[in-house]
Amino acid sequence: MHHFAMKNGSLFAEGLSVKELAREYGTPLYIYSAATLKRHFQAFDSAFDSMEHLTCYSVKANSNLAVLKLLASLGAGMDIVSGGELYRALLAGVPAERIVYSGVGKKAPEIAQALSAGILMFNVESVQELERINDVAKSMGKIARVSFRINPDVDPKTHPYISTGMKKNKFGLTIESALDAYALARDLPAIKPVGMDCHIGSQLTTIEPFLEALDKLLAFYEKLKAMNLDIRYLDLGGGLGIPYNEEEPPHPSAFGAALTKALSGVPLKVVLEPGRVIVGNAGILVTEVQYTKQTPTKSFVIVDAAMNDLLRPSLYGSFHRIEEVAPKGRAPQDVDVVGPICESGDFLAKDRQLPEMLQGELLAVYSAGAYGFTMSSNYNTRAKAAEILVDGDTAIVARRRETYESMVAHEI
Ligand SMILES: *Cc1c(COP(=O)(O)O)cnc(C)c1O
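Calculation notes
Residues numbered from 1 in each chain as written. Predicted model: local features only at pLDDT ≥ 70, side-chain atom pairs only at ≥ 80, totals over all residues. Heavy atoms only, no water. Salt bridge = Lys/Arg side-chain N within 4 Å of Asp/Glu carboxyl O. Helix = DSSP H or I, 4+ residues; strand = E, 2+ residues; numbered from the N terminus. Buried < 20%, exposed > 50% of the residue type's maximum accessible area, 1.4 Å probe, protein only. Arc of directions from axis to C-beta. UniProt positions renumbered as here; feature names shortened; annotations may be inferred. Contact = heavy atoms within 4.5 Å. Axes fitted to C-alpha atoms, helices over the stretch in contact; angles between N-to-C directions. Parallel < 35°, antiparallel > 145°, perpendicular 65-115°, else oblique. Nonpolar A, V, L, I, M, F, W, Y, C, P; charged D, E, K, R; others polar. Phe/Tyr/Trp six-rings, centres within 6.5 Å; stacked < 30°, edge-to-face > 60°. Lys NZ or Arg CZ within 6 Å of the ring centre and 35° of its normal. Near = heavy atom within 4 Å. Polar contact = N/O pair within 3.5 Å; in protein donor to acceptor, adjacent residues only side chain to side chain. Areas by Shrake-Rupley, 256 points an atom, 1.4 Å probe, with all protein chains shown as cover. Pairing = 2+ DSSP bridges. Left-handed = near helix turned anticlockwise from the far one by under 90°.

Caption draft 1: Examining the pattern of salt bridges more closely. As enumerated under the stated definition, the model contains 13 salt bridges in all. Asp309 is the salt-bridge partner of Arg382, the closest N and O atoms lying 2.8 Å from each other. Of the two residues, Arg382 is situated in the loop between β19 (362-365) and β20 (386-391) and Asp309 in the loop between β15 (299-303) and α11 (312-316); the sequence distance between them amounts to 73 residues. According to the relative accessible area criterion, Arg382 is buried, its value standing at 16%. Measuring nitrogen to oxygen at the nearest pair gives 3.9 Å for the salt bridge that ties Glu361 to Lys328. Here Glu361, found in the loop between β18 (347-355) and β19, pairs with Lys328, found in the loop between β16 (322-324) and β17 (332-338); they are 33 residues apart in sequence, far enough to count as distant. In this structure Glu361 comes out as buried when scored by relative accessible area, which is 13%. For Lys328, a relative accessible area of 44% translates into the label partly exposed.

Shown next as structure tokens:
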């Protein structure tokens, strides 16, 4: 069952009319479906039910507190990449022992913040970071649990900007250098190596690269055992893709089944860090048509959402399905859907077949729940959109629309 569906010729988010929501809260407007979030989290998490596991939702995909609270209520742990995300996760009620901390550039105060909270582990991405964590932990009289992020050098066959597990990427340690890092970690007084970690990329549409990375990590695990290290966690990161257009990524149940099989008999607790697959298709961005215009070579639909609201098309050339909120059955034409920002790179869709649109009509940009609002900015001093969480027949304002005043509040 789809929670964004047409009823009587107009789009609904669960029990509520998108048109009514746009009228009440204005546009551009992010709308999330609580039922979809729940279904996605439970489908993913239950795919690993036959083994010891912890699903740590990747906060950067969508860090709205209402979303985090909902996922926390379902038992989700969280994968964070900054002190700010740690603050959000704790505020949402996520127990610290279900939080893992990833990212290549952790600062000392962020490390101290995570140690104070008592997170499950740091996913360490360099030897210098390990040394810094040791120093900070020692000064606090704490022991830091760590995993190393290992770069298994597999090609996830995704967009280069979201491929992270190849030798040429900035992330993690090569398998060769990781062995020395574990030896060093074993000898540092305030460090306890407890896990292995990898995250090879995002929007993967096949299982094979995950299995290839897993194979390499399991071979490496044997070496760690030979060093008498007490490794308990295997963090396989996130990255499972979603259908934006024609992609046919594996269902989480197939993903879970394949990993469960590959891990049978391995005495490690598996940590997973899904982001996009949980929230991507649980959200839409609603935008109002401002103008249409024709040049000799192009037709444009100018809408009130822009690259500051949804950056993915400009940043990655990503495809987002765009459809009328209330289809009128007019003939399709070839258009670019663009925003008001003063950049030629400001577009939501290029060369798209879309029925003729009139001023004031609404478009829904689909699959906008992940890396949508979290990547938004105030470029062109545009207020960030409001975010609405719909649960059945109820809408809550998960984030108020920014105002001119709130945008200048930190300036003198
Ligand atoms: C971004 C990220 C994720 C989540 O990736 P998705 O593709 O959204 O599932 C998980 N782990 C790490 C370390 C990340 O950087």
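From this point, things continue past the structure.
Caption draft 2: Inspection of helix α1 (residues 18-25) at higher detail. For α1, the set of buried residues is Val18, Leu21 and Ala22. End-on view of α1: buried residues confined to an arc of 100°, all on one side of the axis. Along α1, the residues that are exposed and aim more than 90 degrees away from the buried face are Arg23 and Glu24. Gly26 occupies a position one or two residues after α1 and carries a positive phi of about 85°.

Caption draft 3: Structural context of the UniProt feature "active site" (unreviewed entry) in the protein chain. Within the UniProt annotation, "active site" (unreviewed entry) is assigned to Cys342. The class of Cys342 is exposed, set by a relative accessible area of 65%. Non-local contacts of Cys342, meaning those with residues more than four positions away in its chain, are made with Tyr379 and Asn380.

Caption draft 4: Representation of the packing of helix α6 (residues 127-140) against helix α7 (residues 175-187) within the structure. Two elements in contact, α6 and α7, have axes separated by 11 Å at closest approach and are oriented at 10°. As judged from the angle between their axes, α6 and α7 are roughly parallel. Packed against α6, whose contacting residues are Val127, Leu130 and Glu131, the element α7 presents Ala181, Leu184 and Ala185 at the interface. Taken together, the residues of the contact of α6 with α7 sort by class into 5 nonpolar, no polar and 1 charged.

Caption draft 5: The packing of aromatic side chains, seen in detail. Under the definition given, this model contains 9 aromatic pairs. Between Phe48 and Phe255, the ring centres sit 5.9 Å apart and the planes meet at 80°, which makes this aromatic pair edge-to-face. Here Phe48 is found in the loop between α2 (34-46) and β5 (53-58), whereas its partner Phe255 is found in helix α9 (residues 252-262), with 207 residues between them in sequence. By the ring-pair criterion, three or more aromatic residues cluster together here, those being Phe44, Phe48, Phe210 and Phe255. Note that Lys350 overlies the ring of Phe347, its terminal NZ or CZ placed 4.5 Å from the centroid.

Caption draft 6: Region of interest: the site of the ligand. Neighbouring the ligand are 14 residues; Lys60, Ser202, Glu273, Arg276 and Tyr371 lie closest to it. Between a nitrogen atom of the ligand and a side-chain N or O atom of His199, the distance comes to 3.5 Å. In isolation the ligand exposes 390 Å². Once the protein is present, 94% of that is buried.

Caption draft 7: Representation of the sheet that holds strand β1 (residues 4-7). One open sheet holds the 3 strands; their spatial order is β1-β2-β3, and the pairing between them is antiparallel. This sheet does not close on itself; its edge strands, each paired only once, are β1 and β3 (16-17).

Caption draft 8: Structural detail: the packing of helix α5 (residues 108-117) against α6. Where α5 meets α6, the axes come as close as 10 Å, and the angle between the chain directions of the two elements is 55°. By the angle between their axes, α5 is oblique relative to α6. Note on packing geometry: the crossing formed by α5 with α6 is right-handed. Two secondary-structure elements touch here, α5 through Ala108, Ile111, Ala112, Leu115 and Ser116 and α6 through Arg132, Ile133, Val136, Ala137 and Met140. Per-class residue counts for the contact of α5 with α6 are 8 nonpolar, 1 polar and 1 charged.

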